[in-house]
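An overview of the molecular structure
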Amino acid sequence: VDKNKIQSNDKNIEKTINDMLEVCPNALPEDCKKLKNALKVIKNMSSNYIYNQLSPSDKKIMLFTALLKDCDKTPKKSAFNAFYILQKFDLCREDRDKAYLLIRNQDWLKRVNEAEKYSEEIKSIAFDLHYSNLFEMQKLLAESDLSSKYNLFKNEKEIGYLVEELKNSQPLLPVTAFP
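Residues numbered from 1 in each chain as written. Predicted model: local features only at pLDDT ≥ 70, side-chain atom pairs only at ≥ 80, totals over all residues. Heavy atoms only, no water.

Some remarks on the overall build of the chain
Rules: Labels follow the DSSP assignment, with helices taken as runs of H or I lasting at least four residues and strands as runs of E lasting at least two, numbered in each case from the N terminus. For each residue, the accessible area found with a 1.4 Å probe, counting protein chains only, is set against the maximum for its type, and the residue is called buried under 20%, exposed over 50%, and partly exposed in between. Two residues form a contact once any of their heavy atoms are found within 4.5 Å. Areas reported as accessible are Shrake-Rupley estimates using a 1.4 Å probe. Residue values count occlusion only from the protein chains shown.
Counting its secondary structure elements, the chain contains 10 helices and zero strands. For the chain, the succession of helices and strands along the chain, N to C, is α-α-α-α-α-α-α-α-α-α. Per-residue burial over the chain gives 43% buried out of 179 residues. For the chain, restricting intrachain contacts to residue pairs at least 6 apart in sequence, the fraction spanning at least 24 positions comes to 68%. Summed over its atoms, the accessible surface of the chain is roughly 10,500 Å², and 51% of this surface lies on carbon and sulfur atoms.

In structure tokens:
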């Protein structure tokens, strides 16, 4: 067994992590504590029934997101770097965009809990997460990351309501390109 390889009971997880280590060894957090946390997030996430209901491509996005969410000092910088790192992998633009939004909004719970009800901050988060199943994926990431520390889903219903409202209304908004 190669001592630089990650082993897992789930061969898809094992392959994704080892591919990342092979293609971009410097993309993973250099801080052992952050890498250990990323692996803990993956462990918590992969044992969650919601994760097991995701499509194979969404599972891969979640794994990359867990590995890259702390690759820089802030969520925005991490998202920017992750977007370009993920170009080295067999991911379509839509999947890279999903990973970008998940990483950029990884601090959504903190921002939502500090914001006033129906504030621009909450509306901005809801807009970012209204696409496809991003809100569910973001909740899974947060729960996996914070499961042993906190239960912070204080305004989940409010943001969930806004996400559904945006999905149902399909507003005509300007198209914004990511990095």
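Section: the packing of aromatic side chains
What counts here: We call Phe, Tyr and Trp rings a pair once their centres come within 6.5 Å, taking the six-membered ring for Trp, and we label the pair stacked below 30 degrees between planes, edge-to-face above 60, and tilted otherwise. For a lysine, the NZ atom is tested; for an arginine, the CZ atom; a charge sits over a ring if that atom is within 6 Å of the ring centre and within 35 degrees of the ring normal.
Throughout the structure, instances matching the rule amount to five aromatic pairs. Pairing W108 with F135 gives two aromatic rings, centres 5.6 Å apart and planes at 75 degrees, and the pair type is edge-to-face. Pair noted here: W108 is in helix α7 (residues 108–114) and F135 is in helix α9 (residues 134–146), with a separation of 27 residues, a long-range link. The pair W108 / F135 is uniform in exposure class, with both members buried. Ring pairing ties together the aromatic residues F80, F83, Y84 and Y100, which thus form one cluster. The ring of F83 has R96 sitting right over it, with the charged end atom 5.5 Å from the ring centre.

Observations concerning the environment of T16
When you line up the elements, T16 lands in helix α1 (residues 11–23). Sequence-wise, T16 and K59 are 43 residues apart; in three dimensions their C-alpha atoms are separated by 10.0 Å. The contacts of T16, once residues within four sequence positions are left out, are K60, L63 and F64.

Focus: the side chain of Q138
Note on placement: Q138 falls in helix α9. Apart from residues no more than four positions distant in its own chain, Q138 is found in contact with L101, L102, N105, Q106, W108 and L129.

A closer look at the pattern of salt bridges
Short version of the rule: Salt bridge criterion: a side-chain nitrogen from Lys or Arg within 4 Å of a carboxyl oxygen from Asp or Glu.
Evaluated as defined, the whole model comprises 11 salt bridges. Salt bridges here are not isolated pairs; linked through shared partners, they connect K69, D70 and D145.

Focus on the environment of M20
Looking at the secondary structure, you find M20 in helix α1. The spatial distance from the C-alpha of M20 to the C-alpha of F64 is 8.2 Å, given a sequence separation of 44 residues.

As for the confidence of the model for the chain
We count it as follows: Per-residue confidence from the predictor is reported as pLDDT, a score between 0 and 100.
With 80% of its residues at a pLDDT of 70 or more, the chain shows a mean pLDDT of 81. Mean pLDDT in the chain bottoms out at helix α10 (residues 156–169), which sits at 71, and peaks at helix α6 (residues 93–104), which reaches 95.

Let's talk about helix α8 (residues 120–129)
Keep this limit in mind: Summarising the geometry, the arc corresponds to the directions from the helix axis toward the C-beta atoms.
Buried within α8 we find I122, I125, A126, D128 and L129. All buried residues of α8 project into a common sector of 160 degrees when viewed along the axis, lining one side.

Structural notes on the packing of α6 against α9
So the rule is basically this: Here an angle of 0 to 180 degrees is reported between the N-to-C directions of two axes, which are lines fitted to C-alpha atoms, with helices fitted over the stretch in contact. Any angle that is under 35 degrees is reported as roughly parallel, and any over 145 degrees as roughly antiparallel; angles of 65 to 115 degrees are reported as roughly perpendicular and all others as oblique. Working rule for handedness: look at the near helix, and if it is turned counterclockwise from the far one by less than a right angle, call the crossing left-handed; if clockwise, right-handed. Amino acids are sorted into nonpolar (Ala, Val, Leu, Ile, Met, Phe, Trp, Tyr, Cys and Pro), charged (Asp, Glu, Lys and Arg) and polar (every other residue, Gly among them).
Contact geometry for α6 and α9: axes closest at 10 Å, N-to-C directions at 50 degrees. In terms of axis orientation, α6 runs oblique to α9. Of the two possible hands of crossing, α6 and α9 adopt the one that is right-handed. Contacts from K98, L101 and L102 of α6 reach α9 at L134, M137, Q138 and L141. For the contact of α6 with α9, the per-class residue count stands at five nonpolar, one polar and one charged.

Side note on helix α5 (residues 75–85)
Along α5, the positions that sit buried rather than exposed are S78, A79, A82, F83 and I85. Looking straight down α5, one finds that the buried residues subtend no more than 160 degrees of arc, so they occupy a single side. If you follow the buried residues of α5, they end up packed against α1, α4 (56–68) and α6.

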